[in-house]
Amino acid sequence: QVQVVESGGGLVQPGGSLRLSCAVSETSFTAYDMHWYRQSPGAQREWVATASSSGKKSIATSVNDRFSISRDGVENLVYLDMNNLKPEDTAVYYCNADFGFVDHWGQGTQVTVSS
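Here the residue numbering is sequential within each chain, running from 1 through the sequence in written order. The predicted nature of this model means local features are confined to residues of pLDDT at least 70 and side-chain atom pairs, given and counted, to a pLDDT of 80 or more, with totals for whole chains, interfaces and linings taken over all residues. In computing side-chain values, all of the structure's heavy atoms are included and hydrogens and water are not.

Caption draft 1: View of the overall build of the protein chain. Going along the chain from the N terminus, every DSSP run of H or I of four or more residues is numbered as a helix, and every run of E of two or more is numbered as a strand. Looking only at helices and strands, one finds 0 helices and 11 strands in the protein chain. Each helix (α) and strand (β) of the protein chain, taken in turn from the N terminus, gives the series β-β-β-β-β-β-β-β-β-β-β. On the principal axes, the C-alpha backbone points of the protein chain span a range of 45 × 25 × 20 Å. Accessible area is worked out with a 1.4 Å probe on protein chains only. A residue is then buried under 20% of its type maximum, exposed over 50%, and partly exposed in between. Burial status across the protein chain gives 41% buried among its 115 residues. The long-range fraction of contacts in the protein chain, counting pairs at least 24 apart against all pairs at least 6 apart in sequence, stands at 50%. For the area figures, the Shrake-Rupley method with a 1.4 Å probe applies, and any residue is considered shielded solely by the protein chains shown. Total accessible area on the protein chain stands at roughly 6200 Å², and carbon and sulfur atoms take up 48% of it. The protein chain carries 8 positive and 12 negative side-chain charges, and their two centres are separated by 5 Å. Note on contacts: a residue pair qualifies if any of its non-hydrogen atoms lie within 4.5 Å across the two residues. For this count, His and the chain ends are skipped, Lys and Arg are scored as positive, and Asp and Glu as negative. In plain terms, the charge of a residue is placed at NZ if it is Lys, CZ if Arg, CG if Asp and CD if Glu.

Caption draft 2: Local environment of the pattern of salt bridges. A carboxyl oxygen of Asp or Glu within 4 Å of a side-chain nitrogen of Lys or Arg is what we treat as a salt bridge. Here the structure, examined in full by the defined rule, presents 4 salt bridges. Its salt-bridge partner being Asp89, residue Arg38 comes within 3.0 Å of it at the nearest N-O pair. Here Arg38, found in strand S4 (residues 33–39), pairs with Asp89, found in the loop between strand S8 (77–82) and strand S9 (91–98); they are 51 residues apart in sequence, far enough to count as distant. In this structure, Arg38 and Asp89 share a single accessibility class: buried. Asp89 sits in the buried class, given a relative accessible area of 1%. A single salt-bridge network, built from bridges that share partners, covers Arg38, Glu46, Arg66 and Asp89.

In structure tokens form, the structure reads like this:
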């Protein structure tokens, strides 16, 4: 089974920056898209960013002035660079490898923005 492993979360003060990393072990011949989602307690999980298998990138409007996504295909890594973090960015951030017929989720990494 595909493994998705996230890292980089933690506690940061407002205005700070974090880089989240997601590593994917993939042994099939299937191309896949990579997504970042986030979820706060009591809220719906929301989409944050996508890096497709073809290289296309997209960022949610709510964060596209502060966040960016990049992908290292050689290492099967995807990054979420978060700048000027705000308390409302506090959430569990999830990485998802999307094969179309099945999704593989990471364990989630907590990002807390607080003084």
